[in-house]
Amino acid sequence: MTIYKAAVVGGGAMGSGIAQVISYSGLPVVLREVDDKLAQQALANIRKIYQARVDKGKMSPSEMESKMSLVSVTTDLTSLKDVDIVIEAVPEKIHIKKKIFQELDAILPEHALLASNTSALSISALGAVTKRPEKVVGIHFFFPAHVMKLIEVIPGLATSDETVADSIAFCEGLRKIPVRVNECAGFLVNRLLMPYLNEAAFCAQEGTSLKEIDRVMVEFGFPMGPFILVDTIGLDICHDVVGILLAEYGPRMAPAQLWEEVYQKNRFGVKNGAGFYNYGGEENDRTVEHLLAGIQKKASAPGTKKAPFSANRLLMAMINEAALCLQEKVASPADIDVAVLAGIGFPQAKGGLLQYADELGIDAVLQELESLHKLYGDRFWPAPVIRRMVLAGFLGKKTKRGFLEYA
């Protein structure tokens with residue numbers, strides 16, 4: 001199916017960013033918000049993204065106006081009645097999204113695709129409230145949408161192969177990198193990212209400073225450390241995703257206490273001036289330090305063995321979850337590596353998460369996971385496929401076969 005016109009429902013940071021990406025590709029796009037004030041704010045945000053390109057000399061003012069002419073805003077859902085695809089980008093609450101999908105289903109032409117930008121909620125559940133579940137799909141952009149190249153394309157149980165193919169072609173037309181991800185809670189990137197971020201919090205609770213953890217992970221090659229990343233994404237958004245993962249996967253996703261305590265202080269990150277770090281200019285803010293001191297005071301008895309902090313400790317959590325994703329056929333090994341490179345910022349010099357594991361040696365990965373499991377329990381229980389690989393002699397690059405194959 002050829003897409004001639006698109007729409008976005010929800011004009012917040014994600015929705016307006018998605019609309020800008022669509023207009024930049026040359027497609028007309030209608031952005032719908034609940035009132036005119038929010039609609040104009042969304043339009044101003046799109047113009048701001050374009051203006052930044054003009055200021056950097058990447059486009060001329062006339063080119064900017066040409067792209068802006070492709071964007072229109074509305075408060076009326078019926079204005080979307082002639083579009084070929086709608087991307088919903090409203091708050092991450094299933095009841096809100098279901099209501100929007102029912103309303104859109106009644107308005108859109110029969111051929112139109114209904115997509116959700118949800119980062120973790122069920123595509124199948126959204127499709128079930130419509131009369132076109134075969135045309136409902138997840139198209140998950142990453143923040144900020146105009147910068148991040150990765151898009152997860154997630155079919156629900158009823159989504160047709162044609163819809164998946166059309167969605168992938170649409171994303172490629174936006175000059176993005178689409179990766180097909182079979183539906184599961186958290187999809188792919190958030191399933192891999194959250195154990196990594198969670199382990200960083202556990203390390204902080206054991207006494208390593210936030211700045212030291214961030215420094216080491218940047219030194220490893222990430223563009224930013226885990227705590228700065230959470231502050232950038234928004235702790236409120238991460239908190240919602242953690243809740244979804246915990247409900248689906250159980251104890252191994254149990255969040256570190258620090259997450260909840262910072263969240264309860266309404267410190268959501270850059271967006272409201274304070275998260276794990278302070279962004280409001282209060283140099284003497286010691287809130288998180290005091291929270292950590294309280295957690296450490298209530299922690300296990302002195303002398304309890306703990307693993308030293310290292311980059312690999314955080315990465316083991318991510319590698320183990322990636323192995324579980326492979327077992328469940330959520331994505332292919334190559335797509336997992338593409339996803340962490342383009343969606344998380346895993347250092348390109350290391351090839352990708354699974355290439356890095358193969359470089360370490362799958363036997364070494366298993367040994368480290370077993371050691372961490374003895375200390376910390378369920379969250380480091382080695383994925384069965386890792387044990388099978390070691391028994392089969394699939395040890396990574398040294399045997400020319402691990403998660404990937406090597407010539």
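Structural notes, computed from the coordinates.

So, how was this worked out
- Residues numbered from 1 in each chain as written.
- Predicted model: local features only at pLDDT ≥ 70, side-chain atom pairs only at ≥ 80, totals over all residues.
- Heavy atoms only, no water.
- Core = buried A, V, L, I, M, F, W, Y, C linked by side-chain atoms within 4.5 Å.
- Buried < 20%, exposed > 50% of the residue type's maximum accessible area, 1.4 Å probe, protein only.
- Helix = DSSP H or I, 4+ residues; strand = E, 2+ residues; numbered from the N terminus.
- Salt bridge = Lys/Arg side-chain N within 4 Å of Asp/Glu carboxyl O.
- Expected span 1.5 Å × (residues − 1).
- Phe/Tyr/Trp six-rings, centres within 6.5 Å; stacked < 30°, edge-to-face > 60°.
- Lys NZ or Arg CZ within 6 Å of the ring centre and 35° of its normal.
- Axes fitted to C-alpha atoms, helices over the stretch in contact; angles between N-to-C directions.
- Parallel < 35°, antiparallel > 145°, perpendicular 65-115°, else oblique.
- Contact = heavy atoms within 4.5 Å.
- Nonpolar A, V, L, I, M, F, W, Y, C, P; charged D, E, K, R; others polar.
- Patch = residues over 30% accessible without salt bridge, like charges linked within 9 Å, V, L, I, M, F, W, Y side chains within 5 Å.
- Areas by Shrake-Rupley, 256 points an atom, 1.4 Å probe, with all protein chains shown as cover.
- Polar contact = N/O pair within 3.5 Å; in protein donor to acceptor, adjacent residues only side chain to side chain.

### Focus on the nonpolar core
Within the largest apolar cluster, 103 residues are counted, with the highest numbers of intra-cluster contacts made by Leu258, Trp259, Ile386 and Phe403. If you tally residues by element for this core, the top one is helix α13 (residues 311-327), at twelve residues.

### Considering the pattern of salt bridges
Tallying each qualifying case throughout the model produces 22 salt bridges. Ionic pairing is found between Arg286 and Glu289, a salt bridge with its closest N-O pair at 3.8 Å. Judged by relative accessible area, Arg286 falls into the partly exposed class, the value being 36%. Of the charged contacts in the structure, one is a salt bridge between Glu359 and Lys397, with a shortest N-O distance of 3.0 Å. Here the residue Glu359 occupies a position in helix α15 (residues 353-360), and Lys397 occupies one in the segment after α17 (384-392), the gap between them amounting to 38 residues. The exposure class of Glu359 is exposed, given its relative accessible area of 52%.

### Points about helix α7 (residues 189-205)
Relative to the 24 Å expected for 17 residues at 1.5 Å per residue, α7 spans 25 Å between its end C-alpha atoms, a close match to the ideal helical length. Counting buried residues in α7 gives 17 out of 17 residues, a clear majority hidden from the surface. Directly after α7, the chain includes Gly207, whose backbone phi takes a positive value near 125°.

### Observations regarding the packing of aromatic side chains
Within this structure, the stated rule accounts for eleven aromatic pairs. Taken together, a centroid distance of 5.4 Å and an interplanar angle of 35° make the contact between Tyr263 and Phe268 tilted. Exposure remark for Tyr263: the relative accessible area of 21% places this residue in the partly exposed category. Here a set of aromatic residues connected by ring pairs shows up, and it is made of Tyr196, Phe220, Phe222, Phe346 and Tyr356. Taking NZ or CZ as reference, Arg379 lies 3.7 Å from the ring centre of Phe202, over its face. The ring of Trp381 carries the charged tip of Arg387 above its face, separated from the ring centre by 5.8 Å.

### Some thoughts on the packing of α15 against helix α16 (residues 362-376)
The interhelical angle for the contact between α15 and α16, taken along N-to-C directions, is 95°, at an axis separation of 5 Å. Considering their axes alone, α15 and α16 lie roughly perpendicular with respect to each other. Every residue of α16 that contacts α15 at Ala357, Asp358 and Leu360 is listed here: Ile362, Ala364 and Val365. Here the contact of α15 with α16 is built from residues that sort into five nonpolar, no polar and one charged.

### Section: a nonpolar patch on the surface
Taken together, the side chains of Ile228, Val270 and Tyr279 make up a nonpolar region of the molecular surface, amounting to roughly 240 Å² of accessible area. By the element assignment, Tyr279 lies in the loop between α11 (257-264) and α12 (287-297). Taking relative accessible area as the criterion, Tyr279 reaches 35% and is therefore assigned partly exposed.

### Thoughts on unusual backbone geometry
Note that the residue after Phe143, namely Pro144, is joined by a cis bond; omega there is -5°. Locating Pro144 in the fold gives a position in the loop between β6 (136-141) and β7 (150-155). One non-glycine residue, Arg175, lies in the positive phi region at around 65°. Within the element layout of this structure, Arg175 appears in the loop between α6 (161-173) and β8 (177-180). Non-glycine residue Asn266 carries a positive phi angle of around 60°. As for its position among the elements, Asn266 is in the loop between α11 and α12.

### With respect to the environment of His146
The residue His146 is located in the loop between β6 and β7 in this model. The class of His146 is partly exposed, set by a relative accessible area of 37%. Separated by 161 residues in sequence, His146 and Ala307 place their C-alpha atoms 39 Å apart. Sequence-distant contacts of His146, defined by excluding residues within four places in its chain, comprise Gln20, Val21, Ile49 and Lys176.

### So, the side chain of Ser23
As for its position among the elements, Ser23 is in helix α1 (residues 13-24). A distance of 2.8 Å separates a polar side-chain atom of Ser23 from the backbone oxygen of Gln20. At 2.7 Å, the side chain of Ser23 forms a polar contact with the side chain of Tyr50. Those residues within four positions of Ser23 in sequence are excluded, and the remaining contacts are Val29, Tyr50, Lys67, Leu70 and Val71.

### Considerations on the side chain of Arg379
One can find Arg379 in the loop between α16 and α17. Given the relative accessible area of 16%, Arg379 is considered buried. Reaching out from Arg379, the side chain makes a polar contact with the side chain of Glu199 at a distance of 2.7 Å. Apart from residues lying up to four places away in sequence, Arg379 is in contact with Glu199, Phe202, Arg252, Arg313 and Asn320.

Interpretation in functional terms is not warranted from these geometric data alone.
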